[in-house]
Amino acid sequence: MTWSEMVPLLWEATKESAYMVLVATLLTAVGGLLVGVALVLTDRGGLLALRPVNALLGLIVNIGRSLPFIILLVAIIPFTRAVVGTTIGTSAAIVPLTVGAIPFYARIVETAIREVNRDVVAAAKAMGASRREIVVKVLLREARPGLVAGLTITVVALVGYSAMAGVVGGGGLGDLAIRYGYQRFETGVMIATVVLLVVFVQLAQMLGDLVARRLSHR
């Protein structure tokens, strides 16, 4: 395959991968944040201590984290079809990407919030802050560097997940690598996709580190 033939394929696959990772990241950030906060609030000594709810959430999160992504990808095919109406393509791949990443990020959120100084929370309570104010203005605000760093790790994982989604026709760079690099023995395509995936990861890591550092200095 010539370079002029390869470039359009790489460009289209890159756009598909960027779309999958971006949308999945946004959905994961929201879902993971909600689940992570719920894990902290419902734990023993939390603002909404509900041990049964906490145990159930913890079990769901642990199950989600224990499944290899390629197995999860296949296992939730009926759910994916119910949500987007198909199991092939970039939109379909976003569903398992999000389902697989939310438990991962939820635990990171939980850890980041638990690292917030308890004295800060106690001071907020003493000043009469409501539960919502404590969560939004104290816990999440103080945990921002950790939350951003954790989201960066999640984005890097999503880049890898999106490549694996290509095995089942999910589109993107992974799909291109399978169809051309592996099945048609186009070594140049395989090398190009690997380089682009590395670039994706490096850009995500650099941006995440930059934001986390700025937040930690405030």
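Source: prediction; values computed, not measured.

Novice: Hey, could you go over the overall build of the chain for me, with residue numbers and the actual values?
Specialist: For the chain, the count of helices and strands is 10 helices and zero strands. N-terminal to C-terminal, the α/β element order of the chain is α-α-α-α-α-α-α-α-α-α. For the chain, the proportion of its 218 residues judged to be buried stands at 41%. In the chain, once contacts between residues fewer than 6 apart in sequence are set aside, the share between residues at least 24 apart is 72%. Within the structure as shown, the chain displays about 12,000 Å² of accessible surface, and the carbon and sulfur contribution to it stands at 67%. Where the 19 positive side-chain charges of the chain centre and where its 12 negative ones centre are 9 Å apart.

Novice: Lay out the environment of alanine 212 in plain terms, naming residues and giving numbers.
Specialist: For alanine 212, the position within the fold is in helix α10 (residues 187-216). In sequence terms alanine 212 and leucine 48 are 164 residues apart; their C-alpha atoms lie 29 Å from each other. If near-sequence neighbours (up to four positions away) are discounted, alanine 212 is found in contact with Pro145, Val148 and Ala149.

Novice: Talk me through the UniProt feature "transmembrane region" (unreviewed entry) in the chain; I want residue IDs and the actual numbers.
Specialist: Following the UniProt record, one finds the feature "transmembrane region" (unreviewed entry) at residues 20-41, 53-77, 83-106, 147-169 and 189-212. Regarding residues 147-169, the helix share stands at 78% and the strand share at 0%, and the terminal C-alpha atoms are separated by 32 Å. As annotated, residues 189-212 has a helix share of 100% and a strand share of 0%, and its two end C-alpha atoms lie 35 Å apart.

Novice: How would you summarise the environment of threonine 193 if you had to cite specific residues and measurements?
Specialist: Tracing the backbone through its elements, the reader meets threonine 193 in helix α10. On a C-alpha basis, the gap between threonine 193 and threonine 14 in space is 8.6 Å, while along the polypeptide they are 179 residues apart. Beyond its immediate sequence surroundings of up to four residues, threonine 193 is in contact with Leu10, Leu173, Leu176 and Ala177. A distance of 2.7 Å separates a polar atom in the side chain of threonine 193 from the backbone oxygen of methionine 190.

Novice: Residue-level account of the pattern of salt bridges, with values.
Specialist: Applying the stated criterion across every chain, the model contains six salt bridges. Between glutamate 110 and arginine 114 there is a salt bridge; the shortest N-O distance is 2.9 Å. One end of the pair is glutamate 110 and the other is arginine 114, both in helix α5 (residues 90-114) and four residues apart, which spans about a single turn. Note on arginine 114: relative accessible area 40%, which makes it partly exposed. One salt bridge in this structure joins arginine 179 and aspartate 175, with 2.9 Å as the shortest N-O distance.

Analysis parameters
Residues numbered from 1 in each chain as written. Predicted model: local features only at pLDDT ≥ 70, side-chain atom pairs only at ≥ 80, totals over all residues. Heavy atoms only, no water. Helix = DSSP H or I, 4+ residues; strand = E, 2+ residues; numbered from the N terminus. Buried < 20%, exposed > 50% of the residue type's maximum accessible area, 1.4 Å probe, protein only. Contact = heavy atoms within 4.5 Å. Areas by Shrake-Rupley, 256 points an atom, 1.4 Å probe, with all protein chains shown as cover. Lys, Arg positive; Asp, Glu negative; His and termini not counted. Charge placed at Lys NZ, Arg CZ, Asp CG, Glu CD. UniProt positions renumbered as here; feature names shortened; annotations may be inferred. Polar contact = N/O pair within 3.5 Å; in protein donor to acceptor, adjacent residues only side chain to side chain. Salt bridge = Lys/Arg side-chain N within 4 Å of Asp/Glu carboxyl O.

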